[in-house]
Amino acid sequence: PPAWLREPAPALPDPPRPLTPSQPSEPEPAALSPLGEDEGWRYQRGRVVHHLLEMLPQVAPKQRMKAALDYLARPSTDVAPAQREALAREVVAVIDRPDFAAIFGPDSRAEVPVVATLRSEDGRAQVLSGQIDRLVVLPDEVWVVDFKSNRPAPMLATHVSQQYLRQLAAYRRALTTLYGTREIRCFLLWTDGPRLMEIDKVMLNAHGSNPSP
């Protein structure tokens, strides 16, 4: 028999397949809506909301409603005419909230790609490849804001999907290596409400986030 038959199998490539926290590895929470969307519309709705939240902050406040309606009228969005105004108002209300000003202000960036190599405690490497919905860089803090359009949105952080928590934990760990001593704070912005929910360090550490590089 050939010599390789008695030799151990070679080690798996290091790093393995990239970790993509923006792509769910398990079913996401069900989204219920008073408008009665089906499953296909649930995902399309989330995509449309994310695009509006990226685009509208660049539009003058008085023009945002019109810009949102113009976008929703495009056939590619597949939004029924009866749903367009309610959806536009929901997104504009998020951006116009005074307490959300920093999230959409000049210190923020939309759809920020993040690529990093993270190592576990046993030294194994994992490549992270993701995209942060909104990144806010302040003098002493960095905010990671992820938009979620689930309806209804959970009221407590303890009811948030484990998938979402792992996603934020991975981003936090990657950014810690980039921003040094600045505190990395992670938020979920629920468009249904709207409501901003901070996920504390204890929960993030429990889902794989380690502030040490």
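Now for a look at the structure at hand. For every chain, the first residue of its written sequence is number 1, and the numbers climb from 1 along that sequence. Where local features are concerned, this predicted model is filtered to residues with pLDDT of at least 70; where side-chain atom pairs are given and counted, the filter is 80 or more; whole-chain, interface and lining totals use all residues. Based on all heavy atoms of the structure, the side-chain values leave hydrogens and waters out of the count.

### So, the sheet that holds strand β2 (residues 125-137)
Here's step 1: When DSSP finds two or more bridges between two strands, those strands count as paired. Numbering goes from the N terminus for both helices and strands, where a helix is a DSSP run of H or I of at least four residues and a strand is a run of E of at least two. The sheet built from five strands is open, its strands ordered β1-β2-β3-β4-β5 with mixed pairing. Of all strands in the sheet, those with a lone pairing partner are β1 (108-119) and β5 (195-199), marking the two edges. In this sheet, neighbouring strand axes are inclined to one another by 40° on average, regardless of whether the strands run parallel or antiparallel.
Here's step 2: As judged from the eight bridges shared by strand β3 (residues 141-148) and strand β4 (residues 183-190), these two strands associate in the parallel manner. Within β4, the position partnered with Val-145 by the bridge is Phe-187. Interaxial angle, 0 to 180 degrees, is taken between N-to-C directions of lines fitted to C-alpha atoms, where a helix line uses only the stretch in contact.

### Focus on the pattern of salt bridges
Here's step 1: In the sections that follow, a salt bridge refers to a side-chain nitrogen of Lys or Arg positioned within 4 Å of a carboxyl oxygen of Asp or Glu. Using the criterion set out here, one finds nine salt bridges in the structure.
Here's step 2: Linking Asp-96 and Arg-64 is a salt bridge whose minimum nitrogen-to-oxygen distance equals 2.6 Å. Pair noted here: Asp-96 is in helix α3 (residues 81-96) and Arg-64 is in helix α2 (residues 64-72), with a separation of 32 residues, a long-range link.
Here's step 3: Think of it in three bands: residues with accessible area under 20% of the maximum for their type are buried, residues over 50% are exposed, and the middle band is partly exposed, with areas taken using a 1.4 Å probe on protein chains only. For Asp-96, a relative accessible area of 37% translates into the label partly exposed.
Here's step 4: Note on Arg-64: relative accessible area 10%, which makes it buried.
Here's step 5: Taking the shortest distance from any N to any O, the salt bridge between Lys-201 and Glu-183 comes out at 3.6 Å. Pair noted here: Lys-201 is in helix α5 (residues 201-206) and Glu-183 is in strand β4, with a separation of 18 residues, a long-range link.
Here's step 6: Since its relative accessible area comes to 43%, Lys-201 is described here as partly exposed.
Here's step 7: The structure contains a network of salt bridges with shared partners spanning Glu-141, Arg-185 and Glu-198.

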